[in-house]
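Fold and geometry: a report
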Amino acid sequence: MKNKNILYANITAVGKYVPEKIITNYDLEQKMDTTNEWITSRTGIEQRRKASNEETSVSMSVNAIKEIIKNKNINPKDIDAIIVATITPDMFFPSCACLIQQQIKATNAWGFDLSAACSGFIFALETASNMIQSKKYKKIIVVGVDTMSSIIDYNDRNTAVLFGDGAGAVLIEPSETNGIIDSKMKIDGDGGKFLYMPAGGSLNPATEKTVKNNMHFVKQDGASVFKNAVKGMTDITSEIMNNNNLSNHNINLFIAHQANKRIIDLVAKKLKFNETQTFINIDKYANTTAATIPIALYDALNSKRLHDNDNIVLTTFGAGFTWGSIYMKWNIYE
Ligand code: UT7
């Protein structure tokens, strides 16, 4: 595909960092009223990573970006912008983008954090894609990172078993032939009440009471999110495929947000993607929120599930509600 009038935003490098510490379902069995059987059968999760006291969203992002800088041999001074998708920044301000910029010495970059929960990375890719098309930027780092262990109540089995920590990063550069072809993003605040963290913002600033009442932890009505996620992801992926005259046979790999294997299986079934076309790594990392899709891209590439010239679809759904789908022609080595 070559269209002189269109500049595509292409992913030209990937980086990943996950903490060393592994928490298995058996470890959780010792701490709360749950079982490995329940977790694997209801979610597909077998283990998750947990940040050490020294590890944060910024430190994990820096490690993922450093892999890109090293492997791609780029000069940090050439990075034009850094977009960090996260709901667990090191602090409200300064942004992770600023702290990362300083640590990687990207002295000519600007950047910002983007809050869209599990859709953060896809929304950030959409943003970077439009920045590339403006022709003003040539090298953009997009990070999806979350330290979910910092906002999880380990006394609440409904949420504690579901999440993990990690970071994934990509380098976005302009291409005349490959990259993001089409995208569709959506939000619906009616879904806000089903997945949220009540305190810590201007509505409920931190007080002794908010801490005592566990209001600084994730609250979720799992069944409502599940239903909406299956419908939202199926509909938006269908829309992207229809808009681009694609059938299931034209897609080499479908990478969905990894929140629950049952959700991914249901969406894949409705879209008629077989197992080879559907990427799953939730068993290893659980739901790392904004990091699931960049980590999946990294793992898919390194396990040879992703090849040059593949047609891929990235689809997500998360708190907000937020959801979105991106169709891209993959060619990392161009
Ligand atoms: O990434 C952002 C988007 N998030 C999602 O997409 C998550 C969407 N939701 C889900 O993945 C699922 O709804 C969950 C995995 C959260 C829950 O699965 P479910 O099949 O919807 O279970 P449920 O919430 O309906 O609970 C079924 C039972 C309940 O017991 P009773 O009331 O039937 O006696 C729960 O108390 O399972 C119980 N339960 C557990 N049992 C053992 C809930 N959590 C656990 C647990 N261990 N960890």
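Residues numbered from 1 in each chain as written. Predicted model: local features only at pLDDT ≥ 70, side-chain atom pairs only at ≥ 80, totals over all residues. Heavy atoms only, no water.

Regarding the side chain of Thr147
Where we set the bar: In DSSP terms, a helix is any run of H or I states spanning at least four residues, a strand is any run of E spanning at least two, and both are numbered starting from the N terminus. Buried, partly exposed and exposed residues are distinguished by accessible area as a fraction of the type maximum, computed with a 1.4 Å probe on protein chains only: under 20%, between the cut-offs, and over 50%, respectively. Contact criterion: two residues are considered in contact whenever any of their non-hydrogen atoms come within 4.5 Å of each other.
By the element assignment, Thr147 lies in strand S6 (residues 140–147). Of the residues examined, Thr147 reaches a relative accessible area of 8% and is grouped as buried. Aside from chain neighbours lying at most four places away, what touches Thr147 is Ala51, Thr56, Ser57, Met60, Thr88 and Asp165.

What to know about the site of the ligand
Worth spelling out the cut-off: To be near a molecule or strand, a residue needs just one of its heavy atoms within 4 Å of it. Whenever two N or O atoms come within 3.5 Å, that pair is a polar contact, provided that in protein one can donate a hydrogen and the other can accept it, and provided that, for residues adjacent in sequence, both atoms are side-chain atoms. With residues, only the protein chains shown are counted as cover, and all accessible areas are computed by Shrake-Rupley using a 1.4 Å probe. Classification convention: Asp, Glu, Lys, Arg as charged; Ala, Val, Leu, Ile, Met, Phe, Trp, Tyr, Cys, Pro as nonpolar; all other residues, Gly among them, as polar.
Near the ligand you find 22 residues, and of these Thr34, Arg42, Cys118, Asn260 and Asn287 are the closest. Taking His257, its side chain carries an N or O atom lying 2.9 Å from an oxygen atom of the ligand. In isolation the ligand exposes 950 Å². Once the protein is present, 72% of that is buried. Counting only elements with at least two residues in the shell around the ligand, the list comes to helix H2 (36–43), helix H6 (157–160), helix H8 (222–243) and helix H9 (261–271). Among the elements that line the shell around the ligand, the one with the most residues is H8, at four residues. In terms of residue class, the shell around the ligand is made up of ten nonpolar, eight polar and four charged.

Examining the nonpolar core
We count it as follows: By nonpolar core we mean a set of buried residues, namely Ala, Val, Leu, Ile, Met, Phe, Trp, Tyr and Cys, connected to one another through side-chain atoms within 4.5 Å. Those domain boundaries reflect an automatic or database domain assignment.
If you look at the biggest cluster of nonpolar residues, it comprises 42 residues, and the most contacted ones within it are Val218, Phe254, Ile263, Val267 and Phe273. Taken together, the elements giving at least two residues each to this core come down to H8, strand S11 (253–256), H9, strand S13 (310–318) and strand S14 (322–330). Take this core: its biggest share by element is eight residues, from H8. Counting contributing residues per domain, this core is built from domain 1 (8–179) and domain 2 (182–329), each supplying no fewer than three. Excluding residues that lie within four positions of it along the chain, Val267 makes contacts with Val230, Met233, Thr234 and Phe254. Counting residues in each nonpolar core, the second largest holds 39 residues, with Ile132, Ile172, Ala290 and Leu297 among its members.

Observations concerning H8
Think of an α-helix as turning once every 3.6 residues; residues three or four places apart then point the same way. As a reminder, the rule being used: Expected helix span is taken as 1.5 Å per residue step, with the number of steps being one fewer than the number of residues.
The first and last C-alpha atoms of H8 sit 31 Å apart over 22 residues, in line with the 32 Å expected at 1.5 Å per residue. Residues of H8 that are buried: Ser224, Val225, Phe226, Ala229, Val230, Gly232, Met233, Thr234, Ile236, Thr237, Ile240 and Met241. Following H8 by one or two positions, Asn245 has its phi on the positive side, about 55°.

Comments concerning the domain arrangement of the chain
Put simply, the rule is: Note on terms: buried area is the combined drop in 1.4 Å-probe accessible area of two parts once they are placed together, counting the loss on both. We count a salt bridge whenever a side-chain nitrogen from Lys or Arg sits within 4 Å of a carboxyl oxygen from Asp or Glu.
Partitioning the chain into structural domains gives domain 1 (8–179) and domain 2 (182–329). Placing a centre on the C-alpha atoms of domain 1 and another on those of domain 2 gives a separation of 14 Å. Listed by partner, the interface residues are 50 residues for domain 1 and 47 residues for domain 2. When domain 1 packs against domain 2, close to 3,700 Å² is buried across both sides, 64% of that on carbon and sulfur atoms. On the domain 1 side of the contact with domain 2, Lys16, Cys118 and Ile122 bury the most area, a combined 17% of that side's loss. Inspection of the domain 1/domain 2 interface yields one salt bridge. Asp299 is paired through a salt bridge with Lys16; the nearest N and O atoms lie 2.8 Å apart. Counting every contact that joins domain 1 to domain 2 gives 17 residue pairs in polar contact (both at pLDDT 80 or more). Top contributing element to the side of domain 1 that touches domain 2 by residue count: strand S7 (residues 165–175), with six residues. Its residues assigned to classes, the side of domain 1 that touches domain 2 comprises 23 nonpolar, 16 polar and eleven charged.

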